[in-house]
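Chain by chain, the residues run as shown.
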Amino acid sequence: MPAATPAATGNFLWSLVEGDLVSGKHKSPVTRFPPEPNGYLHIGHAKAIYINFGIAQDFKGRCHLRFDDTNPVKEEQEFIDSIQRDVRWLGFDWGTHLYYASDYFEKLYGWAEHLISNGHAYIDDQTAEEISANRGTLTAPGKESPFRSRSVDENLDLFRRMRKGEFPNGTCVLRARIDMASGNINLRDPVLYRILHAHHPRTGDAWCIYPNYDFAHGQSDSIEHVTHSLCSLEFEDHKPLYNWLLDHLPVPSRPEQTEFARLNITYTILSKRHLTQFVRDKHVRGWDDPRMPTLAGLRRRGVPAPALIDFIKRAGVARANSVVDIAMFDACVREYLNKAASRYMGVLKPLKVVIENYPEVQSEELDAVNNPEDPSAGSRKVPFGRELYIEQDDFMENPPKKFFRLSPGTEVRLRYAYFITCREAVKNAAGEVVELRCTYDPATKGGNAPDGRKVKATMHWVSAAHAVNAEVRIYNPLFTRPDPGADGDPVQDLNPASLELVEAKLEPALATANVGETLQFERLGYFCRDADPGLVFNRTVGLRDTYAKTQ
RNA sequence: UGGGGGAUCGUCUAACGGUAGGACCGCGGACUCUGACUCCGCUAGUCUAGGUUCGAAUCCUAGUCCCCCAGCCA
């Protein structure tokens, strides 16, 4: 009996593991996260990571990080490195349990000979096209290979010569001898080994034959004594083969595969093939482009790992295919950041304001609260002067009924500063408002009127003389529709306005912001300093804006 | 009339024969030196048709719709 099992989380995988512990089937769970190092991890992987590492954590077991590196033509060291970085960033730790399927190549090779020796596998000389043609269709059975009944000795000899490198790519393959008429196509004599004269990131040129997924995965699980092999739904049809191999090999343990639905999100593509394409064809600026759903991209955008995990939890784990609204993700990010992020003021679309009754040469420093949600965050000084910038959207010459902000003759509060009243809007030749002439009430210093009068709006601002310039990158959804690719190629659904660059004016404290720390620009959203040279901020997510919605 | 899965508010998800609940979205309202946050309220669901049962989202039968599989990818 396990000492203590955590409260049920309400999803079937946790219940499954808990049940196996309670029944005594296992003493503690062993799971694994098994990415192929052929790309960067994305938010879909975060779900698999959360499930596998989360179960290990909650039930006091362990989770292995295992690279499923059985296809050298697609895999690179860069991806091996980035995957480890990203899993750590999410807050998980595999301890000493870092493994590679390639660690088991010798063992797997031996098991392949074992299968051959028992008549359960054979070398097929058919071409890839012939194998495909003879596999049959979804409704028609396949045809047995003419090489299917070779002798054990001949098969063994051929397999050893495959390993020695006597044959070029594609000459022949090792196949399991199962059932060419099976309704499950994975059981129609699946290919187990293929010839690949390719350099492997870890084993180099030691091998020229490589096991495929099916021949590597279950056995690797068994070698590592994995108890629960949790994978996504599309592997469901592989389970009979997974079990067949465990049945026919002298494996050290008996792992059990269970499948869950992978994560889908509106306005998002989570197919490695397409993500690779976006990077390769420069539709984005790299794997860590903040518009990408990669963990590297989300991190660079300023999304905190705990918010990401929270989202994964809220989206839930089930066996039904679903598409989660990206709004739920945004909500998780905002909820976390509202508590955690320090507040600053920055103006994205500056409109000059001159306080006519404020002395030309004067300036002063005003106290501003760093985080109203967190008193321990303290306060800072913000410089104020005669010339300021406010947001263009905060002024309207002819305001509609519910517009609370600045317009000719109205009074508003500049946050932490003074009440100001707009006296005049100065226009250029084109008739555009380029400057506001205002007056301030010195008695309202700090933001409150001694006479108790109220204003309907409080606006952010920066002092023109003290402002620092910054490039702010505003990210919009990468796609124009919630189901990109539904009509074919997702490239045609790419949002041409997914990146907006603005030259912003920021309060001076922001000049020394830390790269990677997400901050709030009051009334605008959350922003994170980029590592690019100069002062560059990425918008993580905007604040909710119920006023904009009424427009 | 190949095999394997799945259907619960608009979207995710809970319920394990006993009051269909939560979150997100949306819509109201209160509060507010962020039109943010917070708080309160509202809207809204068991794929269909039968059956078993005192009682069905849950069990049975028959349908319907959706997803996955025909790589020497994973």
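As a convention, each chain's residues are numbered from 1 in the sequence order in which they are written. In the order they appear in the text, chains get letters beginning with A and ligands get numbers beginning with 1. With pLDDT at 70 or above as the cut-off, local features in this predicted model cover only qualifying residues; side-chain atom pairs require 80 or more to be listed or tallied, and sums for whole chains, interfaces and linings still use all residues. Note that water and hydrogens are dropped before the side-chain values are worked out from all heavy atoms of the structure.

### Some thoughts on the overall build of chain A
Phase 1: Strands here mean DSSP runs of E at least two residues long; helices mean DSSP runs of H or I at least four residues long; both are numbered from the N terminus. In terms of regular secondary structure, chain A is built from 13 helices and 25 strands.
Phase 2: Here the globule rule is a power law, 2.2 Å times the number of residues to the power 0.38, and the radius of gyration is based on C-alpha atoms. Here the C-alpha radius of gyration of chain A, 31 Å, is well above what a compact globule of 551 residues would show, namely 24 Å.
Phase 3: Over its C-alpha atoms, taken along the principal directions, chain A stretches across nearly 100 × 60 × 40 Å.
Phase 4: Remark: exposure states derive from per-residue accessible area (1.4 Å probe, protein chains only) relative to the maximum for the residue type, with buried under 20%, exposed over 50%, and partly exposed in between. When burial is assessed residue by residue, chain A has 53% of its 551 residues classed as buried.
Phase 5: Any two residues whose heavy atoms approach within 4.5 Å are treated as being in contact. Across chain A, every contact between residues at least 6 apart in sequence was considered, and the portion connecting residues at least 24 apart equals 70%.
Phase 6: Each accessible area is a Shrake-Rupley result for a 1.4 Å probe, and residues are judged covered by the shown protein chains and nothing else. Approximately 24100 Å² of chain A is accessible, and the part contributed by carbon and sulfur atoms is 49%.

### Examining the protein's contact with RNA strand B
Phase 1: Distances are taken per atom, and a residue is near a molecule or strand as soon as one of its heavy atoms is within 4 Å of it. Taken together, 67 residues sit near RNA strand B, with Asp 237, Ala 315, Arg 405, Arg 413 and Gly 446 positioned nearest.
Phase 2: Considering RNA strand B, the proportion of its atoms within 4 Å of the protein that are sugar or phosphate atoms stands at 64%.
Phase 3: Within the backbone of Val 323, an N or O atom sits 3.0 Å from a sugar or linking oxygen of RNA strand B.
Phase 4: We define a polar contact as two N or O atoms separated by no more than 3.5 Å, with the added condition that, inside protein, one atom must be a possible hydrogen donor and the other a possible acceptor, whereas residues neighbouring each other in sequence contribute only through side-chain atom pairs. Lys 402 has a polar backbone atom sitting 2.9 Å from a base nitrogen of RNA strand B.
Phase 5: Looking at the surface near RNA strand B, the elements with two or more residues in it are α5 (128-134), β6 (191-195), α11 (305-315), α12 (326-340) and α13 (546-550).
Phase 6: By residue number, the principal contributor to the surface near RNA strand B is α12, which donates 4 residues.

### Details of the packing of helix α2 (residues 43-58) against α11
Phase 1: The convention used is that axes are lines fitted to C-alpha atoms, helices contributing only their stretch in contact, and that angles between N-to-C directions extend from 0 to 180 degrees. In the contact formed by α2 and α11, the axes pass within 10 Å of each other and the chain directions differ by 75°. As judged from the angle between their axes, α2 and α11 are roughly perpendicular. Taking contact as the criterion, the partners of Ile 43, Ala 46, Lys 47 and Tyr 50 in α2 are, on α11, Leu 308, Ile 309, Phe 311, Ile 312 and Lys 313. An angle below 35 degrees is treated as roughly parallel, one above 145 as roughly antiparallel, one from 65 to 115 as roughly perpendicular, and anything else as oblique.

### Thoughts on the pairing of strand β23 (residues 518-521)
Phase 1: Judged by which residues are buried, β23 turns out to be covered on both faces: Thr 518 and Gln 520 on one side and Leu 519 and Phe 521 on the other are all buried.
Phase 2: With 2 bridges connecting them, strand β10 (residues 343-344) and β23 associate as parallel partners. Opposite Arg 343, over in β23, you have Gln 520 as the bridge partner.
Phase 3: DSSP bridges decide pairing: two strands pair if at least two such bridges lie between them. Inspection of the sheet shows β23 paired to strand β24 (residues 525-529) by 4 bridges, in the antiparallel sense.

### Section: empty space enclosed by the protein
Phase 1: Think of a 1 Å grid over the protein atoms and nothing else: a 1.4 Å probe that fits but is trapped marks a cavity, an open set flanked by protein within 12 Å on at least five of seven lines marks a pocket, and residues with an atom within 4 Å of a point count as lining. Grid points are joined across faces, edges and corners, and a volume is the space filled by probe spheres set on the points. Considering all chains together, one arrives at 1 cavity of 30 Å³ or more under this definition.
Phase 2: In this structure, the largest cavity occupies an estimated 40 Å³ of space.
Phase 3: The wall of the largest cavity is formed by Arg 285, Asp 289, Pro 290, Arg 300, Arg 473 and Tyr 475.

### Quick word on the pairing of strand β8 (residues 228-232)
Phase 1: In terms of residue burial, β8 counts as a mostly covered element, since 5 of its 5 residues are buried.
Phase 2: Side chains His 228, Leu 230 and Ser 232 project from β8 onto one buried face, and the interleaved Ser 229 and Cys 231 project onto a second face that is buried too.
Phase 3: Crossovers are described as right-handed under a simple rule: with the strands pointing away from the observer, the path leading from the first strand over the helix to the second runs clockwise. In this region the chain leaves β8, passes through helix α8 (residues 239-248) and returns to the parallel neighbour strand β9 (residues 256-260); the handedness of that crossover is right-handed.

### Regarding α11
Phase 1: Here α11 has its buried residues at Ala 305, Ala 307, Leu 308, Ile 309, Phe 311 and Ile 312.
Phase 2: Where α11 is buried, its residues contact α2, α3 (77-89), α10 (295-301) and α12.
Phase 3: At the C-terminal side of α11, Gly 316 shows a positive phi close to 85°.

### Comments concerning the environment of Ile 131
Phase 1: On the secondary structure map, Ile 131 appears in helix α5.
Phase 2: We classify Ile 131 as buried; its relative accessible area is 6%.
Phase 3: Discounting chain neighbours no more than four positions away, the residues touching Ile 131 are Asp 124, Gln 126, Val 173 and Arg 175.

### Focus: the side chain of Asp 289
Phase 1: Relative to the elements of secondary structure, Asp 289 occurs in the loop between α9 (272-280) and α10.
Phase 2: With near-sequence residues (within four places) excluded, Asp 289 lies in contact with Val 284, Gly 297 and Tyr 475.

### A word on the packing of aromatic side chains
Phase 1: Each Phe, Tyr or Trp ring (for Trp, its six-membered ring) is paired with any other whose centre lies within 6.5 Å, and the angle between the two planes then decides the class: stacked below 30 degrees, edge-to-face above 60, tilted in between. Here the structure, examined in full by the defined rule, presents 23 aromatic pairs.
Phase 2: Centroid distance Trp 14 to Tyr 50: 5.3 Å. Interplanar angle 25°. Geometry classified as stacked. Taken together, the positions of Trp 14 in helix α1 (residues 12-22) and Tyr 50 in helix α2 put the pair 36 residues apart, joining distant regions of the chain. By the burial criterion, Trp 14 is buried, and Tyr 50 matches it.
Phase 3: Note on Tyr 40 and Trp 287: the rings are 5.2 Å apart at their centroids and 20° apart in plane angle, and the pair reads as stacked. Of this pair, Tyr 40 sits in the loop between β1 (30-33) and α2 while Trp 287 is found in the loop between α9 and α10, placing the two residues 247 residues apart along the sequence.
Phase 4: Every member of this aromatic cluster is reached through a ring pair, and the members are Phe 105, Tyr 109, Phe 159, Tyr 193, Trp 207, Tyr 210 and Phe 215.

### Some details on the sheet that holds strand β4 (residues 121-124)
Phase 1: Within the open sheet, the 4 strands sit side by side as β4-β5-β6-β7. Their pairing is antiparallel. Each edge of the sheet is formed by a strand with only one pairing partner; in this case those strands are β4 and β7 (209-211). Going across the sheet, the axis of each strand differs from the next one's by a mean of 20°, ignoring polarity.
Phase 2: The pairing of β6 with β7 spans 3 bridges and is antiparallel. Its bridge partner lying in β7, Arg 194 is registered against Tyr 210.
Phase 3: Of the strands in this sheet, β4, β5 (173-176), β6 and β7 touch helix α6 (residues 152-164), which is tilted by about 60° from β4.

### Side note on the sheet that holds β24
Phase 1: The mixed open sheet is built from 7 strands, whose spatial order is β10-β23-β24-β25-β21-β22-β11. Each of the sheet's edge strands pairs with one partner strand only, and the pair in question is β10 and β11 (346-347).
Phase 2: Of the strands in this sheet, β10, β23, β24 and β25 (536-542) are in contact with α12, which crosses β25 at around 115°.

### So, the nonpolar core
Phase 1: Ranked by size, the top nonpolar core spans 49 residues in total, and within it Ile 43, Ile 51, Val 87, Leu 90 and Phe 311 carry the most contacts.
Phase 2: Of all the elements in the fold, those that place two or more residues in this core are α1, α2, β2 (62-67), α3, α10, α11 and α12.
Phase 3: Here this core gets 9 residues from one element, more than from any other, and that element is α2.
Phase 4: Here Phe 311 is in contact with Ile 43, Leu 263, Ile 265, Val 324, Met 328, Phe 329 and Cys 332, once residues within four sequence places are set aside.
Phase 5: Note on terminology: a nonpolar core comprises buried Ala, Val, Leu, Ile, Met, Phe, Trp, Tyr and Cys residues joined through side-chain atoms within 4.5 Å. Grouped together as the second largest cluster of nonpolar side chains are 36 residues, Ala 121, Ile 123, Leu 187 and Leu 245 included.

These figures come from the coordinates and say nothing about function on their own.
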